[in-house]
Amino acid sequence: MTLDDGLDLIATRSYYDAHEALETEWRSAPSPERDFLQGLIHVTVAWHHAGRGNPAGASRQLEKAARRLAAYAPSHRGVDVAGLLVQVEAAAALVAAGRLELPPVRIDRDEVP
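**Re the nonpolar core**
Thinking step 1. Phe36, Leu40 and Trp47 are the most contacted members of the largest nonpolar core, which totals 34 residues.
Thinking step 2. Elements supplying a minimum of two residues to this core: helix H1 (3–11), helix H2 (15–28), helix H3 (31–51), helix H4 (55–69) and helix H5 (81–96).
Thinking step 3. Among the elements that line this core, the one with the most residues is H3, at 9 residues.
Thinking step 4. With sequence-adjacent residues up to four places away left out, Trp47 is seen in contact with Tyr15, Leu62, Gln87, Val88, Ala91, Leu102, Pro103, Pro104 and Val105.

**A word on H1**
Since the α-helix packs 3.6 residues into each turn, any two residues three or four apart lie on the same face.
Thinking step 1. All buried positions along H1 are accounted for by Leu3, Gly6, Leu7, Leu9 and Ile10. Taken end-on, H1 shows its buried residues confined to a sector of 160°, consistent with a single buried face.
Thinking step 2. Two residues or fewer past H1, Arg13 is found with a positive phi of approximately 65°.

**Quick notes on the pattern of salt bridges**
Thinking step 1. Throughout the structure, instances matching the rule amount to 7 salt bridges.
Thinking step 2. Put simply, Asp4, Asp8 and Arg109 are held in one network by salt bridges that share partners.

**Topic: the side chain of His76**
Thinking step 1. Its place among the elements puts His76 in strand S1 (residues 75–76).
Thinking step 2. With a relative accessible area of 19%, His76 lands in the buried category.
Thinking step 3. Polar contacts involving the side chain of His76 include one to the side chain of Glu33, which spans 3.0 Å.
Thinking step 4. The contacts of His76, once residues within four sequence positions are left out, are Glu33, Phe36 and Val81.

**Side note on the environment of Ala96**
Thinking step 1. Secondary-structure assignment places Ala96 in helix H5.
Thinking step 2. Given the relative accessible area of 70%, Ala96 is considered exposed.

**Looking at the packing of H1 against H2**
Thinking step 1. H2 packs onto H1 with a crossing angle of 170° between their chain directions and a minimal axis gap of 8 Å. Considering their axes alone, H1 and H2 lie roughly antiparallel with respect to each other. The residues of H2 that touch H1, namely those facing Leu3, Asp5, Gly6, Leu9 and Ile10, are Tyr15, Asp17, Ala18, Ala21, Leu22 and Glu25.
Thinking step 2. Classifying every residue of the contact of H1 with H2 by side-chain character gives 7 nonpolar, 1 polar and 3 charged.

**Regarding unusual backbone geometry**
Negative phi is the rule for most residues except glycine; trans is the rule for most peptide bonds.
Thinking step 1. Note that the residue after Ala73, namely Pro74, is joined by a cis bond; omega there is 5°.
Thinking step 2. Notably, Arg13 is not glycine yet its phi reads approximately 65°, a positive angle.
Thinking step 3. If you trace the backbone, Arg13 turns up in the loop between H1 and H2.
Thinking step 4. Of note in this structure, Arg77 is not a glycine but carries a positive phi near 50°.
Thinking step 5. For Arg77, the location among the structural elements is in the loop between S1 and strand S2 (79–80).

Conventions adopted
- Residues numbered from 1 in each chain as written.
- Predicted model: local features only at pLDDT ≥ 70, side-chain atom pairs only at ≥ 80, totals over all residues.
- Heavy atoms only, no water.
- Core = buried A, V, L, I, M, F, W, Y, C linked by side-chain atoms within 4.5 Å.
- Buried < 20%, exposed > 50% of the residue type's maximum accessible area, 1.4 Å probe, protein only.
- Helix = DSSP H or I, 4+ residues; strand = E, 2+ residues; numbered from the N terminus.
- Contact = heavy atoms within 4.5 Å.
- Arc of directions from axis to C-beta.
- Salt bridge = Lys/Arg side-chain N within 4 Å of Asp/Glu carboxyl O.
- Polar contact = N/O pair within 3.5 Å; in protein donor to acceptor, adjacent residues only side chain to side chain.
- Axes fitted to C-alpha atoms, helices over the stretch in contact; angles between N-to-C directions.
- Parallel < 35°, antiparallel > 145°, perpendicular 65-115°, else oblique.
- Nonpolar A, V, L, I, M, F, W, Y, C, P; charged D, E, K, R; others polar.

As structure tokens, this is what we get:
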């Protein structure tokens, strides 16, 4: 599985499957890419936890996602990381307010040659 596979699964709201796809790439990724992929994995796990009614798990994963992805803003590997971080921040505020019905993750991608 590749980054594109994981992002495609996120787009279909298949967060658990996206986590699995991204983790497959993470295992063989070079060191500089590992934090980026791990940040994306934390995003998928956060949304999965929220969907399963686990606010503590969602909150922890959102914090980890923000921490790991921040260094890759504004964009990395064609992914609009800055836009994703805005969504992570908004989701964290919703979870903190006790709202677990998060809007779907939308990851905008640039064309990468």
